[in-house]
Amino acid sequence: MAEPIPYTSFPGFDGTSLEDSFVLEIQAAPGRLNITLDLMIGWAHPSYRDPLEGEVACFRKAVIEFPAVRELAWTRQSSVRPAMDASGEQDWGGIDVLRQLGAVYQLEGTGEPSRSHLRSRSYGSSAVDLRYSREVQQRWRMQENVQRG
């Protein structure tokens, strides 16, 4: 069996912390899985910016995309319900594990009241991608312009 590869080794994920991030939405459709989250970005990540006002760390809205899913198993799907966070957004919990085991990606998250497990089988060079929303990219540009004066 292949040695597990942690998400921090995936392109674009270095310097991020899924364990400290918040899942906002999960969209599963034939051939695709998207997970929208408030992603915690550490100072070592090339996109790190000072935290926005009211934040204790650098959080940015991002989407983890599995664009070529061939097989998806999601256990306890019907028992997981989102909580509401202080801002009124749905909070599905966090991501505890994201790793690659050969051609299979294993994703485990903690949501109330139970644990969910997602497995997707993707093939090709872009099996998993991390992208940031346009809104986040625009805020970064605005912050950079303000900092430059």
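Use the structure listed above.
About the thresholds
Chains are numbered independently. Their residues run from 1 in the order of the written sequence. Given that the model is predicted, a residue must reach a pLDDT of at least 70 before its local features are reported, and side-chain atom pairs must reach 80 or more before they are shown or counted; all residues, however, enter totals for whole chains, interfaces and linings. Hydrogens and water are ignored here; the side-chain numbers use all heavy atoms of the structure. For this analysis, a nonpolar core means a set of buried residues of the types Ala, Val, Leu, Ile, Met, Phe, Trp, Tyr and Cys, connected via side-chain atoms within 4.5 Å. Only protein chains enter the area calculation, which uses a 1.4 Å probe; residues under 20% of their type maximum are buried, those over 50% are exposed, and those in between are partly exposed. The way it works is that DSSP assigns letters per residue, a run of H or I at least four long becomes a helix, a run of E at least two long becomes a strand, and they are numbered from the N terminus. Any pair of residues with heavy atoms lying within 4.5 Å of one another is described as a contacting pair. The criterion for strand pairing is that DSSP finds at least two bridges linking the strands in question.

Asks: An account of the nonpolar core is needed here, citing residue identities and associated values.
Replies: Residues Leu18, Ile35, Ile64, Ile95 and Leu98 are the most contacted members of the largest nonpolar core, which totals 20 residues. At the level of elements, β2 (16-29), β3 (32-41), β4 (59-66), β8 (94-101) and β9 (104-110) are the ones that each hand at least two residues to this core. The dominant element in this core, judged by the number of residues it contributes, is β3, at five residues. Ignoring any residue separated from it by four or fewer positions in sequence, one finds Leu98 in contact with Ile5, Pro6, Tyr7, Phe10, Phe13, Leu18, Ile64, Phe66, Gln106 and Leu107.

Asks: Give me the lowdown on the pairing of β9, citing residues and values where you can.
Replies: Extensive coverage of β9 is indicated by the burial of six of its seven residues. Of the strand pairs in this sheet, β8 and β9 are connected by seven bridges, and their pairing is antiparallel. Bridge assignment links Arg99 to a residue of β9, and that residue is Gln106. Once β8 ends, the chain turns through two residues before running back antiparallel as β9, passing Gly102 with a positive phi of about 70°.

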